[in-house]
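A structural walkthrough
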Amino acid sequence: MPAWLPRAMVLALALYACFRLGSWAFDQLIGLLINILIAFFLALAIEPAVSRMSARGMRRGLATFLVFLVVLIAAAGFVALLGSMLAGQIVDMVEEFPKYLDSVINWTNQNFHTDLSRVEVQDSLLHSDWLQKYVRNSATGVLDVSTTVLGGLFRLLTIFLFSFYFAADGPRLRRALCSVLPPARQAEALRAWEIAVDKTGGYLYSRGLMALISGIAHYILLVILGVPYAPALAVWVGLVSQFIPTIGTYLAGALPMLIAFTVDPWYALWVLGFVVIYQQFENYGLQPKLTSKTVDIHPAVAFGSVIAGTALMGAVGALIAIPAVATLQAFLGAYVKRYDVTDDPRVHGRHLWRRGESVLPQLRRVATRAPGSDGDADAERPNVPDPRA
């Protein structure tokens, strides 16, 4: 056996053990890493407001605390308003449920020539196997729901804590990052940080603008239908549909449908149809154009980045994909050498031959003047392009 073979085997086993240990640690810490990534982008989003308040003489930690306090107060007030509205509407819907059931039964009897009664329907529902099974599963799943809620609150607290430190200690964090880089790379790192702040702010601006447009559109529909709490519902639809990726649209549309159902069951179908149509308009018309202008990326790139982010990191990836891609594109754009584009018709989307005429530069005359020929006759001779061209 060669002398180097045992050492090579030990080295290979040690490398494999380190790889397995690193993979296990990464799997265990993936949740924390995602929380830190969300916190970093949240800190980038509030960076302009904190820097503006800090430039006026306020301590950076106090400025960060005030920004977070305003955000938390606005979110808590919005949730409290919607909670009270939803509780009142649920009570009204439960009280009016027999009337809704009678109207549905009467419509069914008239159109399908059936002989249903409310008592029979209620008995069949109350004694059905699926309802009893659902109640048992709900009773046994209370602990799981409580654990999920507590885990979500802890994760939210972790995100806010890291984002507070990132925003409050932003200059110190940048200095620490630059201290481990050579002087030639420090300017590039600071430039990348500045681009990330600008692109994240532009992304939030575009989301806020789309939330405003969505809220106004749904407010007009709810007012036309006479649905109560139209302003609060419009704000709910605008915010939830834009800032909760993937399932935000369904959550946003469910509440207006529920409230519209208390007014008239057919109004819920109108709201559903409007939500579906508006979502298609937003996905394929409004969102690509607004996002491409505020974040300065192509609509196809924005759409593809959202799909890729969702495939890689789920809802979190869909939320941060566009600002991340915009930051990377803007940063790498400075290192791509560009040249002047040649003045060719094909660059502008024109064909070389159109309606039998050539748009190529004029070729030289095929026939040349013969010695002693009439110059005027040659001047009147048209320029005929070479057929071989």
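Residues numbered from 1 in each chain as written. Predicted model: local features only at pLDDT ≥ 70, side-chain atom pairs only at ≥ 80, totals over all residues. Heavy atoms only, no water.

Focus on the overall build of the chain
- Tallying secondary structure elements over the chain gives 13 helices and two strands in all.
- Residue burial in the chain is summarised as follows: out of 389 residues, 28% are buried.
- Considering only intrachain contacts with a sequence separation of at least 6, the fraction spanning at least 24 residues in the chain is 61%. (Helix = DSSP H or I, 4+ residues; strand = E, 2+ residues; numbered from the N terminus. Buried < 20%, exposed > 50% of the residue type's maximum accessible area, 1.4 Å probe, protein only. Contact = heavy atoms within 4.5 Å.)

Here we look at the packing of helix α6 (residues 170-179) against helix α7 (residues 183-225)
- Packing of α6 against α7 brings their axes to within 9 Å, and their N-to-C directions diverge by 145°. Remark: the crossing between α6 and α7 carries right-handed chirality. Between α6 and α7, the residues in contact are Leu173, Arg174, Leu177 and Cys178 and Gln186, Ala189, Leu190 and Trp193, respectively.
- For the contact of α6 with α7, the per-class residue count stands at six nonpolar, one polar and one charged. (Axes fitted to C-alpha atoms, helices over the stretch in contact; angles between N-to-C directions. Left-handed = near helix turned anticlockwise from the far one by under 90°. Nonpolar A, V, L, I, M, F, W, Y, C, P; charged D, E, K, R; others polar.)

Some words on the pattern of salt bridges
- Applying the stated criterion across every chain, the model contains three salt bridges.
- Linking Arg60 and Glu47 is a salt bridge whose minimum nitrogen-to-oxygen distance equals 2.7 Å. Taken together, the residues Arg60 in helix α2 (residues 60-112) and Glu47 in helix α1 (residues 4-55) connect sequence positions 13 residues apart.
- Owing to a relative accessible area of 7%, Glu47 belongs among the buried residues under this scheme.
- Salt-bridge contacts for Glu47 lead to Arg174; the nearest nitrogen and oxygen are separated by 3.6 Å. Taken together, the positions of Glu47 in helix α1 and Arg174 in helix α6 put the pair 127 residues apart, joining distant regions of the chain.
- Each of Glu47, Arg60 and Arg174 takes part in a single network of salt bridges with overlapping partners. (Salt bridge = Lys/Arg side-chain N within 4 Å of Asp/Glu carboxyl O.)

Quick notes on a nonpolar patch on the surface
- There is a patch of nonpolar side chains on the surface, built from Trp107, Phe112, Trp266, Leu269, Trp270, Leu272 and Val276 and spanning about 810 Å² of accessible area.
- Elements with a minimum of two residues in the nonpolar patch: α2 and α10 (265-294).
- The element that contributes the greatest number of residues to the nonpolar patch is α10, accounting for five residues.
- Judged by relative accessible area, which is 51%, Trp266 ranks as exposed. (Patch = residues over 30% accessible without salt bridge, like charges linked within 9 Å, V, L, I, M, F, W, Y side chains within 5 Å. Areas by Shrake-Rupley, 256 points an atom, 1.4 Å probe, with all protein chains shown as cover.)

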